[in-house]
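So the chains spell out like this:
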Amino acid sequence: MTFTFPKDFTWGTATASYQVEGAIHEGGRTASIWDTYCAVPGNILDGSSGEFACDQYHRYPEDIKLMQELGVEAYRLSVAWPRIIPEYDGPVNQAGIDYYKRVLEALREAGIKPAVTLYHWDLPQYLEDRGGWANRETALRFADYVAVLAHEFGDLVDTWITLNEPWCVAYLGYGNGAHAPGLHDHAKALAAVHHLNLAHGLAVKAIRAELGEKAKVAVTLNLAANIAETDAPEDIAAKRRADLIANEVFLGPMLDGAYDPEIFEATKHVTDWSFVQDGDVEIAHQPIDVLGFNYYSTNHVRGCAAAVTFEGDRHANAMPAQECVETLPPAGELTAMGWNQEPEALTAMLVELSRRWPDLPVMITENGSAWEDEVSEDPAAPGGLIVHDPKRVAYLEAHVKAVAAAIEAGANVTGYFAWSLLDNFEWALGYTKRFGIIRVDYDTQARIWKDSALRFRQIVQENAI
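Residues numbered from 1 in each chain as written. Predicted model: local features only at pLDDT ≥ 70, side-chain atom pairs only at ≥ 80, totals over all residues. Heavy atoms only, no water.

Some points on the layout of surface pockets
So, step 1. By volume, the second largest pocket amounts to about 320 Å³.
So, step 2. Lining the second largest pocket are 17 residues; nearest its centre among them are Lys-239, Asp-243, Asn-247, Met-349 and Glu-352.
So, step 3. Listed by contribution, the elements that provide at least two residues to the lining of the second largest pocket are strand E6 (226-228), helix H10 (233-256) and helix H13 (343-356).
So, step 4. Counting residues per element, the lining of the second largest pocket draws most heavily on H13, which supplies six residues. (1 Å grid on protein atoms, 1.4 Å probe; cavity = no way out; pocket = protein on both sides within 12 Å on 5 of 7 lines; lining within 4 Å. Points joined across faces, edges and corners; volume = space filled by probe spheres on them. Helix = DSSP H or I, 4+ residues; strand = E, 2+ residues; numbered from the N terminus.)

Dropping the structure here:
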């Protein structure tokens, strides 16, 4: 049976500045927290950094042609904050503005709508030196930076996405140190949670102040798909606790205008939340036009007497107040990331989001999988090379079908962005994991098609699965 998506459904693909741009010393850009983090031996699995990445800083015209060949209507990219405001209290860097304008104009000329993420993790190091996201000032500086972009880019941007995955920013950056800036402090992690909520609200206000109601504004959350292992009360309670600290800390302020009081109670041994000032939650609660949702896998949890994690869980100890939560090892065939595949949970979460906020469209802003790829010769392929990646194709098909099932069940889903256009720098795992539907040969920067790109092109052309 074939499902045809709505005529106005948006198909796109996505990347992030630090993961693909390279050129970290060009165009007036200064250091981000990821440059600093990568320079510490042992932080990155293969000892690499985003110094060169996919060289999209120079090769974006080639990559836009790839997107045209894929047939996608939209491209989700991010802006590197240190390219725009390279120094603390410094002037706007015109070279950075001009670079992104060239990219945005080239996308528009190619008939591709830019969805621009304003913060995809590359915080200027000068702000981390002053406390980073644990410091309220970072949220205020973010609003200033966003105001500059709104003024300079204006109608070139189709969708403004304030933040990408604040869960990772707060909990992996400040909670367990698995990401930049590499701190291990749950109190700072929760302060970062709040200041990211505040930053989101301030950014929406800044965009609206410059562009008015015509601007389409979003935020992207990587909502955790926590599943209680059984119906036992302790397992239901474990899911509830995990949901509170992973999801509700963002959904509550951003979409409902309040923190669930249970969050404060659960984390009172960590912080008194005195960083929350009068009016902050009202600022965080701004009307948005779409909710971005990044989905990859699930977490099966059960109740326990003390926090238990499985060996190899890179998210272990990231969040506070998980003393009653045991995350079980993933089951079934795992991706190269060690993640499970449970597309039916994507359907369930999309339906639940639309049930809670029926008037808020949801867009899948990232979904994809990493596998061990091999390059094959194929005279018929561009450049004579191709990657046969049947497992990535199967993952793609299963999750696009899950989106279709959600729409059939009444979910208000308006788009799907495949992660990622290109193999790229996978944060603390360096270049050891490949998520791209287009392979990158990092020695030559050659782009090599994969079967998953061909299948995605077919889905986009047919607007059906």
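With respect to helix H8 (residues 166-175)
So, step 1. Burial analysis of H8 places 10 of its 10 residues in the buried class, the great majority of the element.
So, step 2. Those residues of H8 lying buried are Pro-166, Trp-167, Cys-168, Val-169, Ala-170, Tyr-171, Leu-172, Gly-173, Tyr-174 and Gly-175.
So, step 3. Those residues of H8 that are buried lie in contact with helix H6 (125-128), strand E4 (159-164), helix H9 (186-211), strand E5 (216-221) and H10.
So, step 4. Phi for Gly-177, located one or two positions after H8, is positive at around 75°. (Buried < 20%, exposed > 50% of the residue type's maximum accessible area, 1.4 Å probe, protein only. Contact = heavy atoms within 4.5 Å.)

Focus: the packing of aromatic side chains
The geometry of an aromatic ring pair is captured by two quantities: the separation of the ring centres and the angle between the planes.
So, step 1. Going through the model one piece at a time under the given rule, you end up with 35 aromatic pairs.
So, step 2. Plain terms: the ring middles of Tyr-57 and Tyr-99 are 4.3 Å apart, the flat faces sit at 25° to each other, and that makes the pair stacked. Here Tyr-57, found in helix H3 (residues 56-70), pairs with Tyr-99, found in helix H5 (residues 94-109); they are 42 residues apart in sequence, far enough to count as distant. When sorted by exposure, Tyr-57 lands in the same class as Tyr-99, which is buried. (Phe/Tyr/Trp six-rings, centres within 6.5 Å; stacked < 30°, edge-to-face > 60°.)

Details of the sheet that holds strand E8 (residues 299-303)
So, step 1. The three strands lie next to each other as E6-E8-E9, forming an open sheet whose pairing is mixed. Strand pairing shows two members of the sheet lacking a second neighbour, E6 and strand E9 (325-327), which therefore form its edges. Sheet twist, expressed as the mean angle between neighbouring strand axes with direction ignored, is 40°.
So, step 2. Alignment of E6 against E8, held across three bridges, turns out to be parallel. Among the inter-strand pairings, Ala-228 is bridged to a residue of E8, identified as Val-301. (Pairing = 2+ DSSP bridges. Axes fitted to C-alpha atoms, helices over the stretch in contact; angles between N-to-C directions.)

Examining H9
So, step 1. The first and last C-alpha atoms of H9 sit 37 Å apart over 26 residues, in line with the 38 Å expected at 1.5 Å per residue.
So, step 2. In terms of burial, H9 is a largely internal element, 20 of the 26 residues being buried.
So, step 3. The backbone nitrogen of Ala-187 lies 3.0 Å from a side-chain oxygen of the residue at the head of H9, namely Asp-185.
So, step 4. Directly after H9, the chain includes Gly-212, whose backbone phi takes a positive value near 75°. (Expected span 1.5 Å × (residues − 1). Polar contact = N/O pair within 3.5 Å; in protein donor to acceptor, adjacent residues only side chain to side chain.)

What to know about the nonpolar core
So, step 1. Core analysis: the biggest nonpolar cluster contains 143 residues, and Trp-34, Trp-133 and Phe-142 have the highest contact counts within it.
So, step 2. For this core, the leading source of residues is H9, giving 14 residues.
So, step 3. If near-sequence neighbours (up to four positions away) are discounted, Phe-142 is found in contact with Trp-81, Leu-118, Tyr-119, Trp-133, Thr-162, Leu-163, Ala-199 and Ala-203.
So, step 4. Residues Ala-115, Val-290, Ala-370 and Trp-419 belong to the second largest nonpolar core, which totals 17 residues. (Core = buried A, V, L, I, M, F, W, Y, C linked by side-chain atoms within 4.5 Å.)

Observations concerning unusual backbone geometry
So, step 1. With omega at 10°, the peptide bond leading from Ala-180 into Pro-181 counts as cis.
So, step 2. With respect to the element layout, Pro-181 can be found in the loop between H8 and H9.
So, step 3. Across the junction of Trp-419 and Ser-420, the peptide omega takes the value 5°, indicating a cis bond.
So, step 4. Of note, Ser-420 is situated in the loop between strand E13 (413-419) and strand E14 (438-441).
So, step 5. Despite not being glycine, Trp-427 shows a phi value in the positive range, around 50°.
So, step 6. Here Trp-427 shows up in the loop between E13 and E14.
So, step 7. At Asn-463, a residue that is not glycine, the phi angle is positive and equals roughly 50°.
So, step 8. Along the chain, Asn-463 turns up in the segment after helix H15 (451-462).
So, step 9. Residue Asn-463 is classed as buried on the basis of its relative accessible area of 14%.

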